[in-house]
Amino acid sequence: PIRCKLDTLPPTAVPRLRSLEFTGFMAISTHLGMLRPIMVGRPISELILNTSSVPPEDYLNLLTLPSVPIKRFLIHDRSYKAVKYLLEQFVIRVPHLEHLGLYTLKPETSAEFDEELVGLKPILRSFCNLQSFTVWCNHAPTTPHALVQSWYAACPTLQKIRVSEAEAWYQVLLTPFFFSQ
């Protein structure tokens, strides 16, 4: 394997890098500075981040560094209370996002989480090309069918919605048909 210090990676190195996954226990919190030189000017359209203990402002600016718009973004963020804020920021920074996945931890009460999820409807309306949206938490919403239908109605470009917990998946595929497995 070729080894180099990532923070000194020359702009001409890896010019066709399309996907970047930065996960792991302390991944982004200890190496956020290394992501900038990797992303600047490269055609990264897919990004997977584990943002465990990093304030959102520290990694949200990464979304504008590649030479092409990010189309697919998967984020692991421990704070379910950040979900609404994150979506608002994604609309500003990457409005042409096509696939979005948010993975978060269980809230104190299910009512809090339900409120947060219902509050996403007006934000989803602002995405102009969002095709799939996944929210994962180890707590299912109390009314997943109504929630998924309201999101689908708010964002007509959505073709696939998943709201999951450890034991259940709720999906809408291409039509407003709802089923769970």
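Values in this document were obtained by computation on a predicted structure and should not be read as measured data.

A. Just the state of the cysteines, in detail. One pass over the structure, following the stated rule, counts zero disulfides. This cysteine, C128, is not joined by any disulfide, and C155 carries the nearest cysteine sulfur, 8.9 Å off.

B. View of the nonpolar core. F73, L87, F90, L100, F127, F133 and W151 are the most contacted members of the largest nonpolar core, which totals 45 residues. When residues of this core are assigned to their parent elements, the largest contribution, five residues, is made by helix α3 (residues 83-93). In this structure, F133 is in contact with L87, L100, L102, L120, L124, W151, L158, K160, I161 and R162, ignoring residues within four places of it in sequence.

C. Broad picture of the pairing of strand β5 (residues 132-136). Taken across its five residues, β5 has four buried, putting it largely inside the fold. Relative to β5, strand β4 (residues 99-103) runs parallel, the two being bridged by five bridges. By the bridge assignment, L100 is partnered in β5 with F133. Pairing of β5 with strand β6 (residues 160-164), which is carried by five bridges, proceeds in the parallel orientation.

Analysis parameters
- Residues numbered from 1 in each chain as written.
- Predicted model: local features only at pLDDT ≥ 70, side-chain atom pairs only at ≥ 80, totals over all residues.
- Heavy atoms only, no water.
- Disulfide = S-S within 2.5 Å.
- Core = buried A, V, L, I, M, F, W, Y, C linked by side-chain atoms within 4.5 Å.
- Buried < 20%, exposed > 50% of the residue type's maximum accessible area, 1.4 Å probe, protein only.
- Helix = DSSP H or I, 4+ residues; strand = E, 2+ residues; numbered from the N terminus.
- Contact = heavy atoms within 4.5 Å.
- Pairing = 2+ DSSP bridges.

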